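Tertiary structure, described
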Amino acid sequence: MVDLAQEAFLAANYELAAEVLEREIAEEGLTQERALGRADALAMQGNFHAAFEAYHLAFKMGKVAHERLNHLVTALVRVFSAKTGVKVQAEEGAAKAADFLRDVVMCVVCQGLLFEPVTIPCGHTFCKRCIEKDPTKTCPRCRLRFTEAEFPDCQVFKPTVILCNIFDKWWPDEVKAIRLKWEGNDLFSKKDFSKATEKYTEALNLVPGDPILHSNRSHAYSSNHEWSLALKDALLVCQLRPDWPKGHYRKGMALIGMDRQEEAMSCFLQCLTLDPDVRPAQAELEKLLHNLLSPTSELPPLHLGNKLSAPLPQPTPTPSLIHSLAAASLNEASSEESPMVTDQMGGSSMERRGFDEPGPSRATNVHMRSVTECSDEERMEEEESSSDSELEMGRGKGRRKTHSFSDGRLKACASEPVLMEQGCEMDFRKRANSASLPHNSPSESEGAKEAGKLKEPTPDLIDSEDFECSLCMRLFYNPVTTPCGHSFCRDCLLRCLDHDNKCPLCKFCLKTYLAERRDKVTDTIDKIIKHFLGKDHVKRQAVQDEEVAELARLSEQMPIFVCTVAYPTVPCPLHIFEPRYRLMLRRCLETGTRQFGMCIYSPDGGYMEHGTVLEIRDVSFMPDGRSVVDTVGKSRFKVLDRGMRDGYNIAKVEPMEDVRVEGEDKAALERLNAAVYQEATSWVQSLPGNTIDRILQHFGNMPDCEADPQANPDGPSWTWWLLAILPVDQRIQYTILVMNSLKDRLEALRRILSCIRGRQ
């Protein structure tokens, strides 16, 4: 394709691309690449009559890979979608949020009940095998990566104990069926298809109507060349879940085995209409079209125009499907009020596992393929039931697709391998042996649907004691799950980790868990509690809210950190390592107050009566749970009453303020403030350079002298900055801190500066 034609094609100007190539052919001659390029442009334009003619001519000029027909497949899917009225849309988040069980207790990867559920660092839960076989180690929901380098303790997945117990209690048959399914998958991987079929059948006896089991058994039958049984299961899958592309793909593969290419082609079109990015279906459709367009499947002579009048051989019988497709027009389809396919997904679902390898190409005149001819990756796609759901979920961006149909068209798309749109020119001929298709009665299909649907547990099975934290013996609140599989209230676990970095139950080392601050709520447990134990959760929430509100009343119970002297407006970095203060810090952050009081020890072993309120600006956590806290002084306070809470001190406090002065006293105070400021500045400038650098690094620059020294209730900020750096005893600093007279404080600072200069 010449540059101009290629640019036009990429810009979706297919008519111009076709015209440019026709001109190129007329001027420079016909080549296979030009014929294929023109055929692609005609197909995307919707002119299939001329497109098939051009493809057939290109095939006669040499070998053409079936992948080269990808544009033809895309165009056919667009027409098929428009004619059948099927919409495909991409949406964020859960595709079926209305179905609680499907959204919460079923794995988003395999679409089955969570089996051996494991919770990954982001808080989402999946089947153990579904996560283990994902080489990217990326959460299918939120796209968080949990590689060995980032989360080394999450490489050996351990099931979430509480969920395993709950599912065994609520859905025992379903859990047994999933276990049988995995056993069948293992047998399938060993090519023991008969025994694999037996396992799937045994599982279906426990949970009749499960579409994934029917899909797996259909493939096992196909692999064993039992095409009729494979087709029967595939039809049932389509009836159970008409919006699932995998069912139509299964049906198409069974029909290929029965040498019914027209119907198989329609099934693959239905599959691609539901999800345009299913590569195996696209590859099979390309191969079928490749076989029909190859020289052994001659098209009757169709008019190519004077400039493309290459002689064609005598016509031979042509499959009716080619005539039906050639007669279709995208323009006619678009003129009707038929919805077109839209796919707004940010990433291609062609990257999905299990559909990465279409297998070796089929010989020109051979339409049956046994499982032994497939590549290893393709076999694994069928072996693992998790791939059954990935036709619905775009792994690239963590999205799933939803589909909407009109009721009549939905039934037609699900049950018949031919187009049912009235007046559609793509109506395929019904085969004489169509009666041989296995059918399920409507009552059987509805019964299977109801049987295969996961039922909510009966009230007698739901017990709040099953969801009690083993540490606080209350209903889980913000449940978190450790890498060892045990679950606790988040606050309860963190309090335990303040004292020891091991799991409270099994003593598994949680050092990495603690270092990563990995305390994301386990989404599945939290939603199950809110859904099935709503009243109990509301009561638990009320208790928690009351506790948080009580912690937030700082005037009545200010947390007290007993350590050093702190000053208003002055930074005070802290290293917190004691378990009681780790708890205190966490509560200050969780309640949103971000404040606590700082006092110094008293001679009697307690703490002094006055202190400073510190505000948390930033916290840096260390791997072992310690933290470096950046705080700054806000105001002074006086302790009125004392108490204890969970090991740390609390106090009822009242704020302290300087006594204001007016008139001549105010003017004298302003003069004294300016004079002492000058003396302080002179002393700071006389310090050695390295000392000044350390002071500036720790406390910042010296504040300016305020014009009104009484503007702040605690007095000028420069006085506190100076007091923090003066080389005096802590008791002297505390004495100046508690003064409520700015004049007395300035005079005390002047005396200290005089003493220091005298010693120098």
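Just so we're clear, the structure is a prediction, and the values are computed from it rather than from any experiment. (Residues numbered from 1 in each chain as written. Predicted model: local features only at pLDDT ≥ 70, side-chain atom pairs only at ≥ 80, totals over all residues. Heavy atoms only, no water.)

With respect to the overall build of the protein
When you go through the protein residue by residue, the secondary structure sums to 30 helices and 13 strands. Within the protein, buried positions represent 53% of all 760 residues. Sequence separation of 24 or more characterises 67% of the internal contacts of the protein that already satisfy a separation of 6 or more. Surface summary for the protein: the accessible area is close to 33,100 Å², and the carbon and sulfur share equals 50%. (Helix = DSSP H or I, 4+ residues; strand = E, 2+ residues; numbered from the N terminus. Buried < 20%, exposed > 50% of the residue type's maximum accessible area, 1.4 Å probe, protein only. Contact = heavy atoms within 4.5 Å. Areas by Shrake-Rupley, 256 points an atom, 1.4 Å probe, with all protein chains shown as cover.)

As for the pairing of strand β10 (residues 595-599)
Among the five residues of β10, four are classified as buried, and the element is accordingly described as predominantly covered. When strand β8 (residues 558-562) meets β10, the two strands line up parallel, connected through three bridges. Bridged to I560 within β10 is G597. Sheet topology places β10 next to strand β11 (residues 610-621); four bridges connect them, and they run antiparallel. Looking at β11, one finds that F596 is bridged to L614. (Pairing = 2+ DSSP bridges.)

Here we look at the packing of aromatic side chains
Under the counting rule described, the total for this entry stands at 13 aromatic pairs. Look at F100 and F532: their rings are 5.8 Å apart centre to centre, the planes differ by 80 degrees, and that puts the pair in the edge-to-face class. Taken together, the residues F100 in helix α6 (residues 100-104) and F532 in helix α23 (residues 523-532) connect sequence positions 432 residues apart. Take F100 and F532: they sit in the same class, and that class is buried. Taking the centre distance of 6.1 Å and the plane angle of 35 degrees together, the rings of F561 and F596 count as tilted. With F561 in strand β8 and F596 in strand β10, the pair connects residues that are 35 residues apart, well separated along the chain. For F561, a relative accessible area of 6% corresponds to the buried category. (Phe/Tyr/Trp six-rings, centres within 6.5 Å; stacked < 30°, edge-to-face > 60°.)

Section: the side chain of T481
Residue position: T481 is located in strand β6 (residues 479-481). The exposure class assigned to T481 is buried, which follows from its relative accessible area of 9%. Within the structure, the side chain of T481 is placed 2.9 Å from the side chain of S487, a separation counted as a polar contact. Side chain to side chain, T481 and T522 meet in a polar contact 2.7 Å long. (Polar contact = N/O pair within 3.5 Å; in protein donor to acceptor, adjacent residues only side chain to side chain.)

Notes on helix α14 (residues 261-274)
The end-to-end C-alpha distance of α14, which contains 14 residues, comes to 20 Å, matching closely the 20 Å that a straight helix rising 1.5 Å per residue would cover. A large share of α14 lies buried, amounting to 14 of its 14 residues. (Expected span 1.5 Å × (residues − 1).)

Examining the pattern of salt bridges
Under the criterion given, the structure shown has 30 salt bridges. Note that K634 is salt-bridged to E615, the shortest N-O span being 3.8 Å. In this pair, K634 is assigned in strand β12 (residues 627-645) and E615 in strand β11, connecting sequence segments 19 residues apart. Accessibility expressed as a relative area gives 40% for K634, which makes it partly exposed. Each of R636, D658, D714 and R745 takes part in a single network of salt bridges with overlapping partners. (Salt bridge = Lys/Arg side-chain N within 4 Å of Asp/Glu carboxyl O.)

A look at the confidence of the model for the protein
When pLDDT is averaged along the protein, the result is 79; 76% of the residues meet or exceed 70. Here strand β4 (residues 393-394) stands out as the least confident element of the protein, with mean pLDDT 33; β10 is the most confident, with 96. Low pLDDT (under 50) marks residues 88-98, which in the prediction has 28 contacts with non-local residues, meaning those over four places away or in another chain. Of the regions scoring below 50 in pLDDT, residues 330-437 engages in 298 contacts with residues more than four places distant in sequence or in other chains. (pLDDT = per-residue confidence, 0-100.)

Here we look at unusual backbone geometry
With a phi close to 60 degrees, D259 is a non-glycine residue in the positive phi region. Position of D259 relative to the elements: it lies in the loop between α13 (245-257) and α14. Not every positive phi belongs to a glycine, and R594 is a case in point at roughly 55 degrees. Tracing the backbone shows R594 in the loop between α25 (579-591) and β10.

Considerations on the environment of I725
Along the polypeptide, I725 turns up in helix α28 (residues 717-725). Sequence separation between I725 and F699 is 26 residues, and the spatial gap between their C-alpha atoms is 8.5 Å. Residues within four places of I725 in sequence aside, it is in contact with W683, V684, I695 and F699.

A short note on the state of the cysteines
Linking two cysteines covalently via their sulfur atoms produces the bond known as a disulfide. Under the counting rule described, the total for this entry stands at zero disulfides. In this structure C489 is not part of a disulfide, and its nearest cysteine sulfur, from C472, lies 3.8 Å away. On the accessibility criterion, C489 (2% relative accessible area) is buried. Here C503 stays unpaired: no disulfide links it, and the sulfur of C484, its closest cysteine neighbor, is 3.6 Å away. (Disulfide = S-S within 2.5 Å.)

Here we look at the environment of D604
Tracing the sequence through the fold places D604 in the loop between β10 and β11. In terms of polar contacts, D604 uses its side chain to reach the backbone amide nitrogen of G606, at 3.0 Å.

Structural notes on the packing of helix α8 (residues 161-170) against α23
α23 packs onto α8 with a crossing angle of 45 degrees between their chain directions and a minimal axis gap of 11 Å. Considering their axes alone, α8 and α23 lie oblique with respect to each other. In the packing of α8 onto α23, the handedness of the crossing is left-handed. Contacts between α8 and α23 involve I162, L163, F167 and W170 from the first element and T524, I525, I528 and F532 from the second. Tallied by class, the residues present in the contact of α8 with α23 amount to seven nonpolar, one polar and no charged. (Axes fitted to C-alpha atoms, helices over the stretch in contact; angles between N-to-C directions. Parallel < 35°, antiparallel > 145°, perpendicular 65-115°, else oblique. Left-handed = near helix turned anticlockwise from the far one by under 90°. Nonpolar A, V, L, I, M, F, W, Y, C, P; charged D, E, K, R; others polar.)

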